[in-house]
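Observations on the model geometry
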Amino acid sequence: MRFQEDSIECVDIILKKEEVLTIILGGGKGTRLLPLTEKRSKPAVSFGGKYRLIDIPISNSLNSGFDKIFILTQFNSYSLNRHIHRTYASNSIHQKSFVEIIAAEQTVSSDHWFEGTADAVRKVLPYIRQQRPKYVLILSGDQLYNMDLAHFMQSHLMDPDTQISVACNSIPEDRIYGLGIVKTGVGGVTNEFVEKPTDLSQVEHCRAEDGNFLANMGIYIFNTNTLVEVLEDKSMADFGKEILPNAIRERKVKAFVYDGYWEDIGTIKAFYEANLMLTDAFPKFNLYLEKTPIFTRARSLPPTKINNAIVNQALISEGTILNQCEVHRSIIGVRQFVDAGSRIYDSIIMGIDHYGYFDRKSGKIPIGIGQNCEIRKTIVDKDCAIGAGVRLLNLENHMEYEDEFVRIRDGIIVVPRHTTIPDGYTI
């Protein structure tokens, strides 16, 4: 069901927003995003020059008025924990508002870590009960969308028999693989889940009237008592694979169709394309909406300095210095330095945590992008030192490749974090 903007007013009449607890899942090992996830979890990966992926679901929840948020973490969680503490620790204006980390832990009742999305929520049920929510909103920590979750909640509340609601996005046939496909009936009631089909024949019967398919976005609303009940069976570890397919047999599960932009950032290719999409004249994901800002860490950085540089269709983050270089359809992260004569095309150059040493007299390669480099279709992770005359071009069109300086995934060059590339290197 779809709602107009003015329908949000109905929510406050029938729902106290403090009755909603948001759970954001920190995700698994993120192997498909390697090497970006070698030392950080997926939600902690930099995005859009100045953000982290985790900022997206947190901002969606806060902008929708749901300001009681738990974030569940497990793998490589230090960077994520630090970001949450620095960004949201002082966010709570009201006593009952919070954005808090719950890390996987061994307890008297369980000596295992999180073993799936449902298992993660199961293991934090004691913390959920302490908040006494009437509804639990479950979000993924590594997706890109700008959704008014109050509309989603309104849909859930319209039918008192609904116990679980699933947000869905309409996708074409070529995107069904790797996603959960949902089949609905009258009134949006969910009849079937097909988790990550490998063949079109598995989901052909789920095709909607417009020819597309409904994909499970991994965004759910549970009545709290229902959530507790469906998690009683400890053999079921995942919502999409086990909990929801079983729930539809005995409970009313409703689909909510979100018709805006949504992207699951699961692979290097998806991450690369979602970032560069932000440089479009009219991007599908709009960072410039005043009423629904994307929150992130506030930094006291100087303005960007552009010294006789050519910049076209690019996002240039604060504190950046561009010296007589060219930047085309690319994203430059915070504090980044690009020296004279360098040309950057269709690339993501992540930021620098601290201003480095930009003087080459020491003979050391300074942090940032050196002189006369050419970089195309590349992701340069944070805090890298790229020497002079480096050419990152993938001249042999590798789809997969690896050496001591770069890795190529899906035909995209990736320079891992803290890498130093010597002068004159070419790939």
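Notes on the structure follow. Please read these numbers as outputs of a predicted model, since none were measured by experiment.

Scanning the protein from N- to C-terminus turns up nine helices and 31 strands. Counting only contacts in the protein whose residues sit at least 6 apart along the sequence, the fraction spanning at least 24 positions is 64%.

If you check which residues of helix H3 (residues 78–88) are buried, you get Ser 79, Leu 80, His 83, Ile 84, Thr 87 and Tyr 88. Buried residues of H3, viewed axially, fall in a sector of 130°; they line one side. Exposed and facing more than 90 degrees away from the buried side of H3 are Tyr 78 and His 85. On its buried side, H3 packs onto strand S3 (51–52), helix H2 (55–63), strand S4 (68–73) and strand S5 (98–103).

On to the layout of surface pockets. The space that makes up the second largest pocket amounts to roughly 660 Å³. Lining the second largest pocket we find 24 residues, and of these Arg 175, Trp 262, Glu 263, Asp 264 and Ala 270 sit closest to its centre. Of all the secondary-structure elements, those providing two or more residues to the lining of the second largest pocket are strand S8 (164–171), strand S13 (262–264) and helix H9 (268–277). In terms of residue count, H9 provides more of the lining of the second largest pocket than any other element does, five residues in total. Class assignment of the residues belonging to the lining of the second largest pocket gives a composition of nine nonpolar, six polar and nine charged.

According to the stated counting rule, one finds three cavities of 30 Å³ or more in the structure shown. For the largest cavity, the calculated volume is near 90 Å³. Surrounding the largest cavity, Ser 46, Phe 47, Gly 49, Lys 50, Tyr 51, Arg 52, Arg 299, Val 334, Gly 351, Asp 353 and Lys 382 form its lining. Contributions of two or more residues to the lining of the largest cavity are made by strand S2 (46–47) and S3. When grouped by side-chain class, the residues that make up the lining of the largest cavity number three nonpolar, three polar and five charged. In this structure, the second largest cavity is lined by Ser 46, Phe 47, Gly 48, Gly 49, Asn 275, Ile 331, Gly 333, Ile 348, Ile 349, Met 350 and Gly 351.

Another point: unusual backbone geometry. Backbone torsion omega between Leu 34 and Pro 35 reads 5°, so that peptide bond is classified as cis. Of note, Pro 35 is situated in the loop between strand S1 (20–25) and S2. In this model, Asn 308 sits at a positive phi of 55°, which is unusual for a non-glycine residue. Tracing the chain through its elements places Asn 308 in the loop between strand S14 (305–307) and strand S15 (310–312). In this structure, Gln 324 takes a positive phi of about 45° despite not being glycine. Here Gln 324 shows up in the loop between strand S17 (321–323) and strand S18 (326–328).

For the rest of this paragraph, the subject is the pairing of strand S30 (residues 412–415). Side-chain alternation along S30 places Ile 412 and Val 414 on one buried face and Ile 413 and Val 415 on a second face that is also buried. Summarising the sheet, strand S25 (residues 378–380) and S30 pair through three bridges and their orientation is parallel. Directly across from Ile 379, in S30, lies its bridge partner Val 414. Direction of pairing for strand S29 (residues 407–409) relative to S30: antiparallel, over a ladder of three bridges. Looking across to S30, one finds that Arg 409 is bridged to Ile 412. With antiparallel pairing between neighbouring strands as the criterion, S29 and S30 make up a hairpin whose turn holds two residues, including Asp 410 at a positive phi of roughly 55°.

Our next topic: the sheet that holds S30. The strand order across the open sheet formed by seven strands is S16-S19-S22-S25-S30-S29-S28, and the pairing between neighbours is mixed. A single partner strand is all that each edge strand has here, and the edge strands are strand S16 (315–316) and strand S28 (400–402).

Attention now goes to the packing of aromatic side chains. Taken as a whole, this structure holds seven aromatic pairs when the rule is applied. Look at Phe 152 and Phe 256: their rings are 5.2 Å apart centre to centre, the planes differ by 40°, and that puts the pair in the tilted class. Linking Phe 152 in helix H6 (residues 149–158) with Phe 256 in strand S12 (residues 253–257), this pair joins segments that are 104 residues apart in sequence. Phe 256 shares its class with Phe 152; the two are buried. Put simply, the rings of Tyr 220, Phe 222 and Phe 239 touch in pairs and so form one group of aromatic residues. In this structure, Arg 376 is placed above the aromatic ring of Tyr 345, and the distance from its NZ or CZ to the ring centre is 3.8 Å.

Here we take up the side chain of Arg 52. Inspection of the secondary structure puts Arg 52 in strand S3. Among buried Asp, Glu, Lys and Arg side chains, Arg 52 stands out as unpaired, with Asp 353 the closest opposite charge at 5.6 Å. Here Arg 52 is in contact with Pro 43, Ala 44, Val 45, Ser 46, Phe 47, Ser 79, His 83, Thr 296 and Lys 382, once residues within four sequence places are set aside.

Let us look at the sheet that holds strand S21 (residues 343–345). The five strands are arranged S15-S18-S21-S24-S27 in an open sheet whose pairing can be described as parallel. Taken across any chain shown, the strands that pair with only one partner, and hence form the sheet edges, are S15 and strand S27 (391–392).

Further remarks concern the environment of Gly 266. Mapped onto the fold, Gly 266 is located in the loop between S13 and H9. Residues Gly 266 and Gly 178, spaced 88 residues apart in sequence, show a C-alpha to C-alpha distance of 9.6 Å. Among all residues touching Gly 266, those that are not within four sequence positions of it are Arg 32 and Leu 33.

A separate point is the packing of H2 against H3. Running from N to C, H2 and H3 point in directions that differ by 35°, and their axes come no closer than 12 Å. H2 and H3 meet at a crossing whose hand is right-handed. Together, Asp 55, Ile 58 and Leu 62 of H2 and His 83, Ile 84 and Tyr 88 of H3 make up the contact between the two elements. Its residues placed into classes, the contact of H2 with H3 shows four nonpolar, one polar and one charged.

Rules of the game
- Residues numbered from 1 in each chain as written.
- Predicted model: local features only at pLDDT ≥ 70, side-chain atom pairs only at ≥ 80, totals over all residues.
- Heavy atoms only, no water.
- Helix = DSSP H or I, 4+ residues; strand = E, 2+ residues; numbered from the N terminus.
- Contact = heavy atoms within 4.5 Å.
- Buried < 20%, exposed > 50% of the residue type's maximum accessible area, 1.4 Å probe, protein only.
- Arc of directions from axis to C-beta.
- 1 Å grid on protein atoms, 1.4 Å probe; cavity = no way out; pocket = protein on both sides within 12 Å on 5 of 7 lines; lining within 4 Å.
- Points joined across faces, edges and corners; volume = space filled by probe spheres on them.
- Nonpolar A, V, L, I, M, F, W, Y, C, P; charged D, E, K, R; others polar.
- Pairing = 2+ DSSP bridges.
- Phe/Tyr/Trp six-rings, centres within 6.5 Å; stacked < 30°, edge-to-face > 60°.
- Lys NZ or Arg CZ within 6 Å of the ring centre and 35° of its normal.
- Lys, Arg positive; Asp, Glu negative; His and termini not counted.
- Salt bridge = Lys/Arg side-chain N within 4 Å of Asp/Glu carboxyl O.
- Axes fitted to C-alpha atoms, helices over the stretch in contact; angles between N-to-C directions.
- Left-handed = near helix turned anticlockwise from the far one by under 90°.

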